[in-house]
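# Observations on chain architecture
The lines below spell out each chain.
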Amino acid sequence: MQMLYDSDSFVVVHMLPDAVEQQGAPLHDTAPPAPQLARHGFEIVDKRSGKEVYLDGSWAEMFQQQILAWQRDTPTQEEVEDALDRYAGLAQNPVVVH
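Everything in this summary refers to the structure shown in the same document. (Residues numbered from 1 in each chain as written. Predicted model: local features only at pLDDT ≥ 70, side-chain atom pairs only at ≥ 80, totals over all residues. Heavy atoms only, no water.)

## A word on the side chain of Glu81
Looking at the secondary structure, you find Glu81 in helix 2 (residues 77-88). No salt bridge is formed by the buried Glu81; its nearest oppositely charged neighbour, Arg48, is found at 5.9 Å. In this view, Glu81 contacts Tyr5, Ser7, Ser9 and Phe10; residues no more than four positions away in its chain are not counted. (Helix = DSSP H or I, 4+ residues; strand = E, 2+ residues; numbered from the N terminus. Buried < 20%, exposed > 50% of the residue type's maximum accessible area, 1.4 Å probe, protein only. Lys, Arg positive; Asp, Glu negative; His and termini not counted. Salt bridge = Lys/Arg side-chain N within 4 Å of Asp/Glu carboxyl O. Contact = heavy atoms within 4.5 Å.)

This is how it looks when you write it as structure tokens:
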């Protein structure tokens, strides 16, 4: 898990897939343990509404492209917040623990 952005309005966290841990596995167990998180995703928390949205799959890939564009173009905080606000429109889940 990697915090990418934190402001008064939003938090963005990049959730990374679990690394498969081979140490400590029984010698007779040949099957690797299943990862808890199979692919990466992004959690966007809208602090104003107290809701969050989790982007994975093609949504995560589109958001990754947005992040790469931000790294190239160095947007203002207002531009970043406007983009996050559009994604926050998808938020349905109340934030329980953060």
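## Here we look at the packing of helix 1 (residues 58-73) against helix 2
Running from N to C, helix 1 and helix 2 cross one another at 175°; their axes reach a closest spacing of 12 Å. Relative to helix 2, the element helix 1 lies roughly antiparallel. Seen from helix 1, the contacting residues are Trp59, Met62, Phe63 and Trp70; seen from helix 2, they are Val80, Ala83, Leu84 and Tyr87. Looking at side-chain class alone, the contact of helix 1 with helix 2 contains 8 nonpolar, no polar and no charged residues. (Axes fitted to C-alpha atoms, helices over the stretch in contact; angles between N-to-C directions. Parallel < 35°, antiparallel > 145°, perpendicular 65-115°, else oblique. Nonpolar A, V, L, I, M, F, W, Y, C, P; charged D, E, K, R; others polar.)

## Let's talk about the nonpolar core
Among the nonpolar cores identified, the biggest contains 17 residues, and Ile44, Leu55, Phe63, Trp70 and Leu84 are the most heavily contacted of them. Put simply, the parts of the chain that give this core at least two residues each are strand 2 (10-15), strand 3 (41-46), strand 4 (51-56), helix 1 and helix 2. Top element by residues in this core is helix 2. It accounts for 5 residues. Those residues in contact with Ile44, other than ones at most four positions away along the chain, are Phe10, Val11, Val12, Lys51, Glu52, Val53, Leu55, Phe63, Leu84 and Tyr87. (Core = buried A, V, L, I, M, F, W, Y, C linked by side-chain atoms within 4.5 Å.)

## A few points about the packing of aromatic side chains
Here a ring pair, both rings aromatic, is described through the centre-centre distance and the interplanar angle of the planes. Within this structure, the stated rule accounts for 3 aromatic pairs. Where Phe42 meets Phe63, the ring centres are 5.0 Å apart and the plane angle is 65°; that geometry is what we call edge-to-face. Residue Phe42 is located in strand 3, and its partner Phe63 is located in helix 1; the two are separated by 21 residues in the primary sequence. Judged on exposure class, the residue Phe42 and its partner Phe63 are both buried. (Phe/Tyr/Trp six-rings, centres within 6.5 Å; stacked < 30°, edge-to-face > 60°.)

## Description of a negative patch on the surface
On the surface, a cluster of negative charge is made up of Asp73, Glu78, Glu79 and Asp82. Looking at the negative patch, the element that brings in the most residues is helix 2, giving 3 residues. In this structure, Glu78 sits in helix 2. A relative accessible area of 57% places Glu78 in the exposed class. (Patch = residues over 30% accessible without salt bridge, like charges linked within 9 Å, V, L, I, M, F, W, Y side chains within 5 Å. Areas by Shrake-Rupley, 256 points an atom, 1.4 Å probe, with all protein chains shown as cover. Charge placed at Lys NZ, Arg CZ, Asp CG, Glu CD.)

## Things to note about the side chain of His40
Tracing the backbone shows His40 in the loop between strand 2 and strand 3. By relative accessible area, which is 19% here, His40 ends up buried. For His40, the side chain forms a polar contact with the side chain of His14, separated by 2.9 Å. Once residues lying within four places of it in the same chain are set aside, the contact partners of His40 are His14, Met15, Leu16, Pro17, Tyr54, Asp56, Ala60, Glu61 and Gln64. (Polar contact = N/O pair within 3.5 Å; in protein donor to acceptor, adjacent residues only side chain to side chain.)

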